[in-house]
Amino acid sequence: MVRWAAFSCLLVPVVLVVYGTSYGGAAVATLGLAAVTAACRVLLRHSEKAGRAAARVRPEEPPPHGHRGRHSRSGSGAHRGCHGSPGPSPHD
């Protein structure tokens, strides 16, 4: 993916000059694309290192207690905000 980004850093200024953009404008575009490409490459490398580090964690370790996930329930049939009144509600 980084090779395509480097290729576009070379191709875009050529296309800009062919279509009438000044050399200065093409140079600024080249510098901007090179900066974005470098930042993406750094972030990609960081992400790959973090993924390798996470893969080294032993899979038999239990998950941390306390947070059970977005859709988990605290008990059988329990709903957040429902107090479970025994009779019908006054609106029935």
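Residues numbered from 1 in each chain as written. Predicted model: local features only at pLDDT ≥ 70, side-chain atom pairs only at ≥ 80, totals over all residues. Heavy atoms only, no water.

Visitor: Break down the overall build of the protein for me, with residues and values.
Guide: The number of helices and strands found in the protein is two helices and zero strands. Taken across its 92 residues, the protein has 4% of its residues classed as buried. For the protein, the computed accessible surface area is about 8,500 Å², with 64% contributed by carbon and sulfur atoms. (Helix = DSSP H or I, 4+ residues; strand = E, 2+ residues; numbered from the N terminus. Buried < 20%, exposed > 50% of the residue type's maximum accessible area, 1.4 Å probe, protein only. Areas by Shrake-Rupley, 256 points an atom, 1.4 Å probe, with all protein chains shown as cover.)

Visitor: Could you give an account of a positive patch on the surface, naming the residues involved and the relevant values?
Guide: Taken together, Arg41, Arg45, Lys49, Arg52 and Arg56 make up a surface patch of like positive charges. Tracing the backbone through its elements, the reader meets arginine 45 in helix H2 (residues 23–55). (Patch = residues over 30% accessible without salt bridge, like charges linked within 9 Å, V, L, I, M, F, W, Y side chains within 5 Å. Salt bridge = Lys/Arg side-chain N within 4 Å of Asp/Glu carboxyl O. Lys, Arg positive; Asp, Glu negative; His and termini not counted. Charge placed at Lys NZ, Arg CZ, Asp CG, Glu CD.)

Visitor: Explain a nonpolar patch on the surface residue by residue, including any values.
Guide: A grouping of Trp4, Phe7, Leu11, Val14, Val15, Val18 and Tyr19 is seen on the molecular surface, where their side chains present a nonpolar patch of about 820 Å² in accessible area. You can see valine 15 is positioned in helix H1 (residues 2–18).

Visitor: Tell me what's going on with the side chain of threonine 37, and back it up with residues and numbers.
Guide: Along the polypeptide, threonine 37 turns up in helix H2. Excluding residues that lie within four positions of it along the chain, threonine 37 makes contacts with Ala5 and Cys9. (Contact = heavy atoms within 4.5 Å.)

Visitor: I'd like to hear about the environment of leucine 33, residue by residue, with values.
Guide: With respect to the helices, strands and loops of the structure, leucine 33 is situated in helix H2. Residue classification places leucine 33 among the partly exposed positions, given a relative accessible area of 28%. Note: C-alpha distance between leucine 33 and serine 8 (25 residues apart in sequence) is 8.2 Å. Apart from residues lying up to four places away in sequence, leucine 33 is in contact with Ser8, Cys9 and Val12.

Visitor: I'd love a proper account of the environment of tryptophan 4, names of residues and values included.
Guide: Along the chain, tryptophan 4 turns up in helix H1. A residue is classified by how much of its surface remains accessible, and tryptophan 4, at 65% relative accessible area, is exposed. Considering only alpha carbons, one finds tryptophan 4 and threonine 37, 33 residues apart in sequence, at a separation of 9.8 Å.

Visitor: Would you mind going over the environment of tyrosine 23 in detail, with residue names and values included?
Guide: Position of tyrosine 23 among the secondary structure elements: in helix H2. Owing to a relative accessible area of 68%, tyrosine 23 belongs among the exposed residues under this scheme. When the C-alpha atoms of tyrosine 23 and proline 13 are compared, they prove to be 8.2 Å apart, with 10 residues separating the residues in sequence.

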